[in-house]
Amino acid sequence: EEYQKQVAEKQTEARTLQNEVFIFDTQIKELQLEIRALDLAIQQTDLGIDETIKSIDAALAKIGKIKDSLGQFIRLLDQSDKETLVEILLKNRDLSDFFGNLESIMASQEKAQVTITELKQLKVQLEEEQEKLEIRKTEQLDLRNIQKIQKLEVDSKKKEKDSILKVTKGEEKKFQDLVKKTDQDIERIRGQVRF
């Protein structure tokens, strides 16, 4: 009877153990969902990083084109500055050609100023994009670190659950064996009493 009582107690503990196992399983599932959410956040951050890199590349390409245009304007201006007034007058057939070329040079200078302003704006935009990229990379690193911690926590919960199951099942098996042996002893004694 004492053994039966102990087995009943252990079975109650087993039910409590089932609750513990259920809690562990629930916590593990919750952590796995959080890890999945982090995976999605990391993928989204990766996409953001890719978009930012594309924006940076586009800005760099545009800066390159603007620099080339600016270089051409500067060469034209330099070339026109080197010509003397007599060379310019001799080069042009009449006075209207001279003023047309002069107007063209002035338009080129204005266009060069606009190009320089655009170049400055692109440089500011590029710096902002690079700053965004650095922030996203930092976010990504943080997310990956959180994910690693959560994976370690999942492993820890699984080990703890397995350990509890191993210990309690071992004890329950011992008590079941002891009850079985006691029942056999009782039956053997009853069998001897009948004769």
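Draft legend 1. Layout of the pattern of salt bridges. For the structure shown, the criterion picks out 5 salt bridges. Here D185 and R188 are joined by a salt bridge, their closest N and O atoms 3.3 Å apart. Within this pair, D185 and its partner R188 are both found in helix 3 (residues 95-194), separated by 3 residues, close to a single helical turn.

Draft legend 2. Layout of the environment of L133. With respect to the secondary-structure elements, L133 resides in helix 3. The exposure class of L133 is buried, given its relative accessible area of 8%. Along the chain, L133 and I56 lie 77 residues apart, while their C-alpha atoms are 9.3 Å from each other. Apart from residues no more than four positions distant in its own chain, L133 is found in contact with I49, T52, I53 and I56.

Draft legend 3. Here's a closer look at the nonpolar core. Core analysis: the biggest nonpolar cluster contains 12 residues, these being I49, I56, A59, I63, I66, L70, F73, A112, L119, L122, L126 and L133. Elements represented by at least two residues in this core include exactly helix 1 (2-82) and helix 3. If you tally residues by element for this core, the top one is helix 1, at 7 residues. When sequence neighbours within four positions are dropped, the list of residues in contact with A112 reads L70 and F73.

Draft legend 4. Spotlight on the side chain of Q150. With respect to the helices and strands, the residue Q150 is situated in helix 3. Using a relative accessible area of 11% as the deciding quantity, one classes Q150 as buried. Setting aside chain neighbours within four positions, we find Q150 in contact with L31, E34, I35 and L38.

About the criteria used
Residues numbered from 1 in each chain as written. Predicted model: local features only at pLDDT ≥ 70, side-chain atom pairs only at ≥ 80, totals over all residues. Heavy atoms only, no water. Salt bridge = Lys/Arg side-chain N within 4 Å of Asp/Glu carboxyl O. Helix = DSSP H or I, 4+ residues; strand = E, 2+ residues; numbered from the N terminus. Buried < 20%, exposed > 50% of the residue type's maximum accessible area, 1.4 Å probe, protein only. Contact = heavy atoms within 4.5 Å. Core = buried A, V, L, I, M, F, W, Y, C linked by side-chain atoms within 4.5 Å.

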